[in-house]
Amino acid sequence: MAAALEEETESTISIQEYLKDVEQQELEADLVLGGDEGKECTYSDGYMKRQAIFSCLTCTPDGNAGVCTACSLSCHDGHEVLELWTKRNFRCDCGNSKFGKFFCKLSPNKDVENGENSYNHNFKGVYCTCGRPYPDPEVEEQEEMIQCCICEDWFHEEHLNLEYADEIPRDEEGEPMYEDLVCQACLPTFSFLELYPQPIRVAAKQHGAIDTAKEKGVLDEANSSCPSSGKLEIEHGSSGLLEDGMVTVEIFHEVKNVTDSSSIASSSAHCLLEVDLLSDLPAAKGSKALFLAKNWRDVLCRCRRCLTFYESKHIDFLLDKDDSIAEYERMAKEKRDQKLQQQEGTELNFLNKLGHVEKIEILNGIADMKNEMHSFFESYDASRPITPEDIQQVFENLAKKRRREF
């Protein structure tokens, strides 16, 4: 009996915890979906810079197609659908030739295939170099995974070729101090990122002595090369000697550029790296994953030679601010705030259309509910979970009050 009561207590949460959890889940969903309410297929929007994508293994077991939010809900309801978070430059495949005789209910007239779409093993439901699913049914406690900003695959922390767990830059509360990750597989092609000074990278700890003179020189050059209308600001932490003899490098949390973005993106004759990447792309210095600071894209060289290199490698998306997950989530939050404001406006308009008597009745009802809830929480023991009986009592009190008024 005691065991049953203990189990019931453990599975009960307070109303404050429940409402907070619901609000957090709604926010996380909005961030992933980018504010997309899932009402219309995005095919007509073409290859979108970034959108939430799903893979239906019921229709395409080979994992060679992706569908938008609306199609995952309307066309593939009840199917085995995988949530892939977001993908760049992707157009909805739902109902094209990869789906056989299956047609999209929302947008049936589509090309045979979307030739610019890119697919990886995530579409089959596996991730990382280990090729395991997520959630992994063979693991009790699911490990956090990090997405590479280039190939967009997801990796377990232990599979990033890091020697120490604390090499992943995090603050004291465990929150990431980096914006993006470049995995070890993508690093050889993107080895030019290692040519930039420390501010574009985020390092947690390094063993041995550190030579900052060269990095300082490159940083000074990067600052002096910025247009005179603004300057490059670097927010950083501090360096010091730890008890075990390990030296912490200067940790740069964020690259802030206060210059107008249009002037930053303009081509320049001077190359910050002083290297022709087309003919002399340096080899990667190591096989470890690379962590990049917040706003790192603002520091990338935009000289004519580097722009040509980006285009030839089809990586000019690095210069597009809208491509970043940070910007995608910022826009999603903005859409969420606008939606909440519209809902408040709709409720206000509804109230304004009512007659005087109806308005008074509604406002009195709201006031009674507020007062009853206030009285309940004032006399309530916060250490005790709220039970269905408590809620029932609140509504019984409101009903008694209404009967007395009439």
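Refer to the structure above for everything that follows.
What this report covers is the structure whose coordinates are included nearby. Along each chain, residue indices are assigned from 1 in the same order as the chain's sequence is written. Thresholds applied to this predicted model are a pLDDT of at least 70 for local features of residues and 80 or more for the giving and counting of side-chain atom pairs; totals over whole chains, interfaces and linings are not thresholded and use all residues. Hydrogen atoms and water are omitted, and side-chain values are computed over all heavy atoms in the structure.

The next subject is the overall build of the protein chain. Starting at the N terminus, helices and strands are each numbered in turn, a helix being any DSSP run of H or I of at least four residues and a strand any DSSP run of E of at least two. Each helix and strand counted, the protein chain has nine helices and 10 strands in total. Per-residue burial over the protein chain gives 36% buried out of 406 residues. For the protein chain, contacts bridging at least 24 residues in sequence account for 70% of all contacts bridging at least 6. All accessible-area figures derive from a Shrake-Rupley calculation using a 1.4 Å probe, and residue coverage is judged against the displayed protein chains alone. Taken as a whole, the protein chain presents about 24,300 Å² of accessible surface, with 50% of it coming from carbon and sulfur. Summary of the burial criterion: residues with accessible area below 20% of their type's maximum are buried, those above 50% are exposed, and those between are partly exposed, where the area comes from a 1.4 Å probe applied to protein chains only. Throughout, a contact is declared for two residues whenever any of their heavy atoms are within 4.5 Å.

Of all nine residues in strand β1 (residues 48–56), seven are buried, a share of seventy percent or more. Two strands are counted as paired when DSSP detects at least two bridges linking them. Bridge count between β1 and strand β2 (residues 81–90): seven bridges; the pairing is antiparallel. By the bridge assignment, M48 is partnered in β2 with F90.

Looking at the secondary structure, you find R305 in helix α6 (residues 304–312). With 34 residues separating them along the chain, R305 and C271 place their C-alpha atoms 7.7 Å apart. Setting aside chain neighbours within four positions, we find R305 in contact with C271, E274, V275 and D276.

Time to look at a nonpolar patch on the surface. Grouping into patches uses exposed residues only, defined as over 30% relative accessible area, and leaves out salt-bridged ones; the cut-off is 9 Å for like charges and 5 Å for nonpolar side chains (Val, Leu, Ile, Met, Phe, Trp, Tyr). The salt bridge criterion pairs a side-chain nitrogen of Lys or Arg with a carboxyl oxygen of Asp or Glu, the two atoms within 4 Å. Taken together, the side chains of I362, L363 and I366 define a hydrophobic patch exposed on the protein surface, amounting to about 250 Å² of accessible area. With respect to the secondary-structure elements, L363 resides in helix α8 (residues 356–379). A relative accessible area of 43% means that L363 is categorised as partly exposed.

Before going further, it helps to examine the state of the cysteines. Covalent bonding between the sulfur atoms of two cysteines is what defines a disulfide. The rule for a disulfide is simple: a pair of cysteine sulfur atoms within 2.5 Å. Counting across every chain of the model gives zero disulfides. With no disulfide of its own, C104 lies 3.6 Å from the sulfur of C71, the closest cysteine sulfur.

Moving on: the pattern of salt bridges. A side chain with one charge may pair with a side chain of the opposite charge, provided their charged atoms come close. Under the criterion given, the structure shown has 16 salt bridges. With its nearest N and O atoms 2.8 Å apart, the salt bridge here joins R132 to D136. Note on D136: relative accessible area 9%, which makes it buried. Among the salt bridges present, the one from E327 reaches R330, with a minimum N-O distance of 2.7 Å. Residue E327 and its partner R330 are located together in helix α7 (residues 325–352), separated by three residues, close to a single helical turn. The class for E327 is buried, based on a relative accessible area of 9%. Among the ionic contacts, a cluster of salt bridges with common partners joins R50, R88, E152, D180, R297 and D323.

The aromatic pairing rule takes the rings of Phe, Tyr and Trp, using the six-membered ring of Trp, and pairs them if the centres are within 6.5 Å, calling planes under 30 degrees apart stacked, those over 60 edge-to-face and the rest tilted. Tallied over the full model, the rule gives 10 aromatic pairs. Geometrically, the ring pair formed by W85 and W154 is tilted, given 5.1 Å between the ring centres and 55 degrees between the ring planes. Here W154 lies in strand β4 (residues 154–156) and W85 lies in strand β2, a separation of 69 residues in the sequence. Each member of the pair W85 and W154 is classed as buried. Judged by centre distance (6.0 Å) and plane angle (45 degrees), the rings of F192 and Y310 are tilted. Here the residue F192 occupies a position in the loop between β5 (180–182) and α4 (213–225), and Y310 occupies one in helix α6, the gap between them amounting to 118 residues.

Scope: geometric values only; no functional claims are made or implied.
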